[in-house]
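Listed here are the chains, written in short residue letters.
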Amino acid sequence: LAGRSCYRIYSEEDDEKGRREHELSEALTVSLKTASDEFYVVYQPQYDLCSGQVVGVEALLRWEHPAFGPVSPGDFIPLAERRGQIHEITQQLVRGIMGDLRDARPALQGRPGLAINISARQITDARLGLAIGPLFDRIRELGWRPEIEITETHVMNLSDQCLETLRALREQGVGIAIDDFGTGYSSLAYLQNLPVQVLKIDRQFISSLGGQSGGSQIVTAILGIAEALDLDVVAEGVETQAQYEELCELKCQRGQGFLMARPQRWQQVQDIIADPYRS
Ligand code: C2E
Ligand code: CA
Ligand code: CA
Ligand code: CA
(Lines give C-alpha, C1' and ligand atoms only; values in the text may rest on other atoms or scores of the structure.)
(Ligands and ions follow the chains in the order given, each with its own letter.)
Protein backbone atom coordinates (compact mmCIF):
# COMPACT_ATOMS: atom_id res chain seq x y z
CA LEU A 1 0.00 0.00 0.00
CA ALA A 2 2.78 2.39 0.95
CA GLY A 3 4.41 1.62 -2.38
CA ARG A 4 1.26 2.43 -4.23
CA SER A 5 0.69 5.74 -2.51
CA CYS A 6 4.33 6.65 -3.16
CA TYR A 7 3.82 5.88 -6.79
CA ARG A 8 0.78 8.16 -6.86
CA ILE A 9 2.66 11.04 -5.26
CA TYR A 10 5.45 10.81 -7.80
CA SER A 11 3.14 10.58 -10.74
CA GLU A 12 1.19 13.62 -9.54
CA GLU A 13 4.43 15.53 -9.22
CA ASP A 14 5.43 14.46 -12.69
CA ASP A 15 2.07 15.58 -14.03
CA GLU A 16 2.51 18.90 -12.27
CA LYS A 17 5.99 19.31 -13.74
CA GLY A 18 4.77 18.34 -17.17
CA ARG A 19 1.90 20.80 -16.94
CA ARG A 20 4.18 23.65 -15.94
CA GLU A 21 6.59 22.82 -18.72
CA HIS A 22 3.76 22.74 -21.20
CA GLU A 23 2.48 26.11 -20.00
CA LEU A 24 5.94 27.62 -20.10
CA SER A 25 6.50 26.25 -23.55
CA GLU A 26 3.22 27.72 -24.81
CA ALA A 27 4.07 31.07 -23.23
CA LEU A 28 7.54 31.00 -24.78
CA THR A 29 6.09 30.41 -28.21
CA VAL A 30 3.80 33.43 -27.83
CA SER A 31 6.52 35.64 -26.37
CA LEU A 32 9.02 34.76 -29.09
CA LYS A 33 6.47 35.84 -31.68
CA THR A 34 5.02 38.94 -30.10
CA ALA A 35 6.70 40.18 -26.95
CA SER A 36 10.31 40.96 -27.65
CA ASP A 37 10.37 43.43 -24.75
CA GLU A 38 10.21 40.44 -22.37
CA PHE A 39 13.72 39.46 -23.50
CA TYR A 40 16.89 41.28 -22.64
CA VAL A 41 20.56 40.53 -22.37
CA VAL A 42 22.94 40.55 -19.42
CA TYR A 43 26.71 40.43 -19.68
CA GLN A 44 29.18 38.75 -17.37
CA PRO A 45 32.74 40.08 -17.42
CA GLN A 46 35.69 37.76 -17.91
CA TYR A 47 38.91 38.66 -16.17
CA ASP A 48 42.58 38.17 -16.60
CA LEU A 49 43.08 36.64 -13.17
CA CYS A 50 46.55 38.00 -12.57
CA SER A 51 46.06 41.61 -13.65
CA GLY A 52 42.36 41.90 -12.74
CA GLN A 53 41.65 43.44 -16.16
CA VAL A 54 38.40 42.70 -17.97
CA VAL A 55 39.27 40.79 -21.14
CA GLY A 56 35.76 40.19 -22.40
CA VAL A 57 32.10 39.62 -21.60
CA GLU A 58 29.68 36.75 -22.10
CA ALA A 59 26.16 37.66 -23.23
CA LEU A 60 23.37 35.70 -21.51
CA LEU A 61 19.72 35.93 -22.46
CA ARG A 62 16.99 36.72 -19.94
CA TRP A 63 13.24 36.17 -20.24
CA GLU A 64 10.85 37.97 -17.94
CA HIS A 65 7.29 36.82 -18.44
CA PRO A 66 4.41 38.93 -16.99
CA ALA A 67 2.79 35.89 -15.32
CA PHE A 68 5.69 33.48 -14.76
CA GLY A 69 8.17 36.17 -13.76
CA PRO A 70 11.85 35.69 -14.56
CA VAL A 71 12.44 32.31 -16.21
CA SER A 72 15.97 30.90 -16.10
CA PRO A 73 17.68 30.18 -19.43
CA GLY A 74 18.47 26.80 -17.90
CA ASP A 75 14.70 26.20 -18.16
CA PHE A 76 13.66 27.98 -21.35
CA ILE A 77 16.63 27.15 -23.61
CA PRO A 78 15.93 23.38 -23.45
CA LEU A 79 12.24 24.05 -24.17
CA ALA A 80 13.18 26.15 -27.18
CA GLU A 81 15.58 23.46 -28.39
CA ARG A 82 12.89 20.80 -28.13
CA ARG A 83 10.44 22.90 -30.11
CA GLY A 84 12.92 23.94 -32.76
CA GLN A 85 12.85 27.56 -31.60
CA ILE A 86 16.52 28.06 -30.89
CA HIS A 87 16.91 30.29 -33.93
CA GLU A 88 14.22 32.59 -32.52
CA ILE A 89 16.16 32.62 -29.24
CA THR A 90 19.30 33.74 -31.06
CA GLN A 91 17.28 36.42 -32.85
CA GLN A 92 16.18 37.82 -29.48
CA LEU A 93 19.75 37.69 -28.26
CA VAL A 94 21.08 39.50 -31.33
CA ARG A 95 18.31 42.10 -31.17
CA GLY A 96 19.10 42.74 -27.50
CA ILE A 97 22.85 43.06 -28.02
CA MET A 98 22.43 45.29 -31.07
CA GLY A 99 20.21 47.60 -29.02
CA ASP A 100 22.76 47.72 -26.20
CA LEU A 101 25.68 48.36 -28.52
CA ARG A 102 23.98 51.47 -29.86
CA ASP A 103 25.00 52.96 -26.56
CA ALA A 104 28.62 51.84 -26.40
CA ARG A 105 31.46 53.85 -25.01
CA PRO A 106 34.82 53.45 -26.73
CA ALA A 107 36.45 50.11 -25.99
CA LEU A 108 39.53 49.91 -23.83
CA GLN A 109 42.99 48.89 -24.82
CA GLY A 110 43.21 45.42 -26.27
CA ARG A 111 40.33 43.79 -28.06
CA PRO A 112 37.86 42.60 -25.48
CA GLY A 113 35.83 39.55 -26.50
CA LEU A 114 32.05 39.54 -26.72
CA ALA A 115 30.87 35.95 -26.50
CA ILE A 116 27.48 34.49 -27.34
CA ASN A 117 26.22 30.97 -26.67
CA ILE A 118 25.28 28.92 -29.69
CA SER A 119 23.57 25.54 -29.71
CA ALA A 120 25.51 22.94 -31.68
CA ARG A 121 22.54 22.04 -33.88
CA GLN A 122 22.34 25.66 -35.05
CA ILE A 123 25.77 25.69 -36.59
CA THR A 124 24.66 24.36 -39.95
CA ASP A 125 21.41 26.34 -39.97
CA ALA A 126 21.75 28.75 -42.89
CA ARG A 127 19.82 31.36 -40.92
CA LEU A 128 22.56 31.54 -38.29
CA GLY A 129 24.97 33.49 -40.49
CA LEU A 130 22.22 35.94 -41.43
CA ALA A 131 21.43 36.51 -37.75
CA ILE A 132 24.95 36.85 -36.37
CA GLY A 133 26.73 38.38 -39.38
CA PRO A 134 25.54 41.95 -38.78
CA LEU A 135 26.12 41.53 -35.04
CA PHE A 136 29.70 40.39 -35.54
CA ASP A 137 30.31 43.30 -37.96
CA ARG A 138 29.06 45.72 -35.33
CA ILE A 139 31.18 44.10 -32.62
CA ARG A 140 34.29 44.47 -34.81
CA GLU A 141 33.39 48.07 -35.65
CA LEU A 142 33.55 48.84 -31.93
CA GLY A 143 37.01 47.26 -31.67
CA TRP A 144 35.76 44.13 -29.90
CA ARG A 145 36.26 40.50 -30.93
CA PRO A 146 33.25 38.26 -31.61
CA GLU A 147 33.29 34.85 -29.92
CA ILE A 148 30.96 31.87 -29.77
CA GLU A 149 30.66 29.24 -27.05
CA ILE A 150 29.50 25.72 -27.78
CA THR A 151 28.78 23.19 -25.05
CA GLU A 152 31.23 20.30 -24.92
CA THR A 153 28.63 17.54 -24.81
CA HIS A 154 27.52 18.52 -28.29
CA VAL A 155 30.96 19.16 -29.68
CA MET A 156 31.64 15.44 -30.03
CA ASN A 157 28.79 14.95 -32.48
CA LEU A 158 29.58 17.75 -34.89
CA SER A 159 29.25 16.76 -38.51
CA ASP A 160 31.87 17.57 -41.13
CA GLN A 161 29.60 20.34 -42.33
CA CYS A 162 29.56 21.84 -38.84
CA LEU A 163 33.31 21.68 -38.60
CA GLU A 164 33.59 23.44 -41.92
CA THR A 165 31.30 26.25 -40.77
CA LEU A 166 33.33 26.59 -37.59
CA ARG A 167 36.56 26.75 -39.59
CA ALA A 168 35.07 29.48 -41.77
CA LEU A 169 34.07 31.46 -38.69
CA ARG A 170 37.54 30.92 -37.28
CA GLU A 171 39.10 32.28 -40.46
CA GLN A 172 36.96 35.38 -40.10
CA GLY A 173 38.58 35.93 -36.71
CA VAL A 174 35.70 34.66 -34.59
CA GLY A 175 36.89 33.16 -31.30
CA ILE A 176 35.50 29.70 -30.57
CA ALA A 177 35.24 28.32 -27.06
CA ILE A 178 34.17 24.92 -25.76
CA ASP A 179 31.75 25.52 -22.92
CA ASP A 180 31.35 23.34 -19.81
CA PHE A 181 34.63 21.61 -20.61
CA GLY A 182 35.25 18.49 -18.57
CA THR A 183 31.62 17.40 -18.45
CA GLY A 184 31.58 15.77 -21.89
CA TYR A 185 33.83 13.21 -23.44
CA SER A 186 36.20 15.09 -25.70
CA SER A 187 39.28 13.10 -26.49
CA LEU A 188 42.57 14.81 -27.13
CA ALA A 189 42.57 13.61 -30.72
CA TYR A 190 39.14 15.08 -31.25
CA LEU A 191 40.09 18.40 -29.70
CA GLN A 192 43.04 18.68 -32.01
CA ASN A 193 40.73 18.67 -35.03
CA LEU A 194 38.38 21.33 -33.70
CA PRO A 195 39.00 24.93 -34.70
CA VAL A 196 38.84 26.18 -31.09
CA GLN A 197 41.02 28.53 -29.04
CA VAL A 198 39.40 28.42 -25.65
CA LEU A 199 38.34 25.79 -23.11
CA LYS A 200 35.91 26.96 -20.46
CA ILE A 201 36.32 24.78 -17.38
CA ASP A 202 32.92 23.83 -16.03
CA ARG A 203 31.83 25.37 -12.74
CA GLN A 204 31.61 22.00 -10.97
CA PHE A 205 35.40 21.62 -11.10
CA ILE A 206 36.03 25.18 -9.94
CA SER A 207 33.75 24.66 -6.94
CA SER A 208 36.02 21.87 -5.71
CA LEU A 209 39.00 24.25 -5.56
CA GLY A 210 40.15 26.28 -2.62
CA GLY A 211 39.44 23.64 0.01
CA GLN A 212 41.99 21.98 2.30
CA SER A 213 41.89 18.62 0.56
CA GLY A 214 42.96 19.56 -2.92
CA GLY A 215 40.24 19.02 -5.49
CA SER A 216 42.52 20.54 -8.07
CA GLN A 217 43.47 17.41 -10.03
CA ILE A 218 40.93 17.83 -12.80
CA VAL A 219 41.58 21.54 -13.18
CA THR A 220 45.31 20.79 -13.34
CA ALA A 221 44.66 18.11 -15.97
CA ILE A 222 42.57 20.48 -18.10
CA LEU A 223 45.25 23.16 -17.86
CA GLY A 224 47.72 20.54 -19.05
CA ILE A 225 45.56 19.63 -22.04
CA ALA A 226 45.17 23.31 -22.89
CA GLU A 227 48.89 23.86 -22.73
CA ALA A 228 49.62 20.84 -24.90
CA LEU A 229 47.16 22.02 -27.54
CA ASP A 230 48.03 25.71 -27.18
CA LEU A 231 44.55 26.75 -26.06
CA ASP A 232 43.41 29.47 -23.67
CA VAL A 233 41.47 28.58 -20.57
CA VAL A 234 38.62 30.33 -18.77
CA ALA A 235 37.52 29.12 -15.34
CA GLU A 236 33.80 29.63 -14.91
CA GLY A 237 31.82 30.00 -11.70
CA VAL A 238 34.58 31.46 -9.52
CA GLU A 239 32.75 32.19 -6.28
CA THR A 240 35.36 32.47 -3.54
CA GLN A 241 38.65 34.24 -2.93
CA ALA A 242 40.26 30.85 -2.16
CA GLN A 243 39.23 29.50 -5.58
CA TYR A 244 40.55 32.65 -7.25
CA GLU A 245 43.90 32.32 -5.51
CA GLU A 246 44.25 28.64 -6.31
CA LEU A 247 43.47 29.34 -9.98
CA CYS A 248 46.20 31.98 -9.99
CA GLU A 249 48.65 29.54 -8.44
CA LEU A 250 47.73 26.92 -11.05
CA LYS A 251 48.42 29.60 -13.70
CA CYS A 252 44.90 29.63 -15.09
CA GLN A 253 44.82 32.81 -17.15
CA ARG A 254 41.19 33.81 -17.12
CA GLY A 255 38.12 33.53 -14.96
CA GLN A 256 34.52 34.49 -14.66
CA GLY A 257 32.21 34.25 -11.69
CA PHE A 258 30.06 35.83 -9.01
CA LEU A 259 33.15 36.69 -6.93
CA MET A 260 34.28 39.23 -9.53
CA ALA A 261 30.97 40.17 -11.16
CA ARG A 262 27.50 38.79 -11.74
CA PRO A 263 25.90 39.01 -15.15
CA GLN A 264 24.40 42.49 -15.47
CA ARG A 265 22.88 45.01 -17.83
CA TRP A 266 25.06 46.66 -20.45
CA GLN A 267 25.04 50.06 -18.74
CA GLN A 268 26.52 48.62 -15.54
CA VAL A 269 28.94 46.33 -17.27
CA GLN A 270 30.41 49.29 -19.15
CA ASP A 271 31.13 50.96 -15.82
CA ILE A 272 32.92 47.81 -14.65
CA ILE A 273 34.96 47.56 -17.83
CA ALA A 274 36.03 51.17 -17.51
CA ASP A 275 36.98 50.74 -13.88
CA PRO A 276 37.36 47.07 -12.91
CA TYR A 277 38.37 47.76 -9.29
CA ARG A 278 35.33 49.87 -8.50
CA SER A 279 33.70 47.38 -6.17
P1 C2E B 1 26.62 28.79 -19.48
O2 C2E B 1 26.91 29.17 -20.90
O3 C2E B 1 27.48 27.76 -18.84
O4 C2E B 1 26.61 30.15 -18.67
C5 C2E B 1 27.12 30.30 -17.38
C6 C2E B 1 26.01 30.29 -16.36
O7 C2E B 1 26.59 30.29 -15.05
C8 C2E B 1 25.12 31.53 -16.42
O9 C2E B 1 23.83 31.11 -16.06
C10 C2E B 1 25.72 32.42 -15.33
O11 C2E B 1 24.80 33.35 -14.82
C12 C2E B 1 26.11 31.39 -14.31
N13 C2E B 1 27.20 31.82 -13.44
C14 C2E B 1 28.22 32.66 -13.73
N15 C2E B 1 29.06 32.80 -12.69
C16 C2E B 1 28.57 32.03 -11.69
C17 C2E B 1 29.01 31.76 -10.33
O18 C2E B 1 30.02 32.23 -9.85
N19 C2E B 1 28.24 30.87 -9.63
C20 C2E B 1 27.11 30.30 -10.14
N21 C2E B 1 26.42 29.48 -9.34
N22 C2E B 1 26.67 30.55 -11.40
C23 C2E B 1 27.40 31.39 -12.17
P24 C2E B 1 22.52 31.51 -16.86
O25 C2E B 1 22.63 32.93 -17.32
O26 C2E B 1 21.37 31.11 -16.01
O27 C2E B 1 22.58 30.60 -18.15
C28 C2E B 1 22.43 29.21 -18.08
C29 C2E B 1 22.75 28.54 -19.39
O30 C2E B 1 21.77 28.86 -20.39
C31 C2E B 1 24.07 29.01 -19.97
O32 C2E B 1 25.10 28.26 -19.37
C33 C2E B 1 23.90 28.70 -21.45
O34 C2E B 1 24.23 27.37 -21.72
C35 C2E B 1 22.41 28.89 -21.65
N36 C2E B 1 22.17 30.20 -22.30
C37 C2E B 1 22.09 31.43 -21.75
N38 C2E B 1 21.85 32.38 -22.69
C39 C2E B 1 21.81 31.71 -23.89
C40 C2E B 1 21.60 32.13 -25.25
O41 C2E B 1 21.44 33.30 -25.58
N42 C2E B 1 21.62 31.14 -26.22
C43 C2E B 1 21.82 29.82 -25.89
N44 C2E B 1 21.83 28.91 -26.89
N45 C2E B 1 22.04 29.41 -24.63
C46 C2E B 1 22.02 30.33 -23.63
CA1 CA C 1 28.61 29.90 -21.99
CA1 CA D 1 29.51 27.07 -19.08
CA1 CA E 1 26.24 25.44 -18.87
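Residues numbered from 1 in each chain as written. Chains lettered and ligands numbered in written order. Predicted model: local features only at pLDDT ≥ 70, side-chain atom pairs only at ≥ 80, totals over all residues. Heavy atoms only, no water.

Some details on the confidence of the model for the chain
The predicted model of the chain averages 89 in pLDDT, with 92% of residues at 70 or higher. Here helix α5 (residues 152-155) is the element of the chain with the lowest mean pLDDT, 77, and strand β9 (residues 254-256) is the one with the highest, 98. For this predicted complex, the interface score ipTM comes out at 0.97, while the overall pTM is 0.92. (pLDDT = per-residue confidence, 0-100. Helix = DSSP H or I, 4+ residues; strand = E, 2+ residues; numbered from the N terminus.)

Here we look at helix α3 (residues 86-102)
For α3, spanning 17 residues, the distance from its first C-alpha to its last is 25 Å, which sits close to the expected 24 Å at 1.5 Å a residue. Of all the residues in α3, the buried ones are Ile-86, His-87, Ile-89, Thr-90, Gln-92, Leu-93, Val-94, Gly-96, Ile-97, Asp-100 and Leu-101. (Expected span 1.5 Å × (residues − 1). Buried < 20%, exposed > 50% of the residue type's maximum accessible area, 1.4 Å probe, protein only.)

Quick notes on the coordination of the calcium ion (ligand 4)
On the protein side, the calcium ion (ligand 4) has Asp-180 (OD) and Asp-180 (OD) as donor atoms, found 2.7 to 3.0 Å from it. Between the two metal centres, the calcium ion (ligand 4) and the calcium ion (ligand 2), the spacing is 5.9 Å. Along the chain, Asp-180 falls in strand β6 (residues 175-181). (Donors = N, O, S within 2.8 Å, 3.2 Å for Na, K, Ca; no water.)

Notes on the coordination of the calcium ion (ligand 3)
Binding of the calcium ion (ligand 3) to the protein goes through Asp-179 (OD), Asp-180 (OD), Glu-236 (OE) and Glu-236 (OE), at separations of 2.2 to 2.4 Å. Expressed as a motif, the donor residue spacing for the calcium ion (ligand 3) is D-D-x55-E. Taken as a pair, the calcium ion (ligand 3) and the calcium ion (ligand 2) show a spacing of 4.2 Å, with Asp-179 coordinating each metal. Here Asp-179 is found in strand β6, whereas its partner Glu-236 is found in strand β8 (residues 232-236), with 57 residues between them in sequence. For Asp-179, a relative accessible area of 7% corresponds to the buried category.

A look at unusual backbone geometry
Despite not being glycine, Asp-180 has its phi angle at roughly 55 degrees, a positive value. Positive phi, normally seen in glycine, also occurs at Lys-251, with a value near 65 degrees. The topology assignment puts Lys-251 in the loop between α10 (241-249) and β9.

Some thoughts on the site of ligand 1
Around ligand 1, 20 residues are found, and the nearest of them are Gln-44, Arg-62, Asp-179, Glu-239 and Phe-258. The separation between a nitrogen atom of ligand 1 and a polar main-chain atom of Leu-61 is 3.2 Å. Relative to its unbound accessible surface of 800 Å², ligand 1 loses 83% to contact with the protein. Listed by contribution, the elements that provide at least two residues to the shell around ligand 1 are β2 (54-65), α2 (73-82) and β6. Looking at the shell around ligand 1 element by element, the count peaks at 4 residues for β2. A per-class count over the shell around ligand 1 returns 8 nonpolar, 5 polar and 7 charged. (Near = heavy atom within 4 Å. Polar contact = N/O pair within 3.5 Å; in protein donor to acceptor, adjacent residues only side chain to side chain. Areas by Shrake-Rupley, 256 points an atom, 1.4 Å probe, with all protein chains shown as cover. Nonpolar A, V, L, I, M, F, W, Y, C, P; charged D, E, K, R; others polar.)

With respect to the packing of α3 against helix α4 (residues 126-141)
Between α3 and α4, the least distance of the axes is 10 Å, while the angle of their chain directions is 15 degrees. With respect to each other, α3 and α4 are oriented roughly parallel. The two elements α3 and α4 cross, and the hand of that crossing is left-handed. For the pair α3 and α4, the contacting residues are His-87, Glu-88, Thr-90, Val-94, Ile-97, Met-98, Leu-101 and Arg-102 in the first and Arg-127, Leu-128, Ala-131, Ile-132, Pro-134, Leu-135, Arg-138 and Ile-139 in the second. Considered class by class, the residues forming the contact of α3 with α4 number 10 nonpolar, 2 polar and 4 charged. (Axes fitted to C-alpha atoms, helices over the stretch in contact; angles between N-to-C directions. Parallel < 35°, antiparallel > 145°, perpendicular 65-115°, else oblique. Left-handed = near helix turned anticlockwise from the far one by under 90°. Contact = heavy atoms within 4.5 Å.)

Some points on the environment of Leu-199
Relative to the assigned elements, Leu-199 resides in strand β7 (residues 198-201). In this structure, the C-alpha to C-alpha distance between Leu-199 and Asp-232, residues 33 residues apart in sequence, is 6.3 Å.

Digging into the pairing of strand β4 (residues 113-117)
It is a general feature of regular strands that their side chains alternate between the two faces of the sheet. Extensive coverage of β4 is indicated by the burial of 4 of its 5 residues. The pairing of β4 with strand β5 (residues 145-151) spans 5 bridges and is parallel. What sits directly across from Ala-115, in β5, is Glu-147. (Pairing = 2+ DSSP bridges.)

Observations regarding the nonpolar core
Ranked by size, the top nonpolar core spans 74 residues in total, and within it Ile-97, Leu-114, Ile-116, Ile-148, Leu-158, Leu-194 and Leu-247 carry the most contacts. Of all the elements, α3 adds the most residues to this core, at 6 residues. For Ile-116, the residues in contact, after removing those within four places along its chain, are Ala-59, Leu-93, Ile-97, Ile-132, Leu-135, Phe-136, Glu-147, Ile-148 and Glu-149. (Core = buried A, V, L, I, M, F, W, Y, C linked by side-chain atoms within 4.5 Å.)

Here's the deal with helix α11 (residues 266-274)
Listed in full, the buried residues belonging to α11 are Trp-266, Val-269, Gln-270, Ile-272 and Ile-273. Down the axis of α11, the buried side of the element spans an arc of 160 degrees, and every buried residue falls inside it. (Arc of directions from axis to C-beta.)

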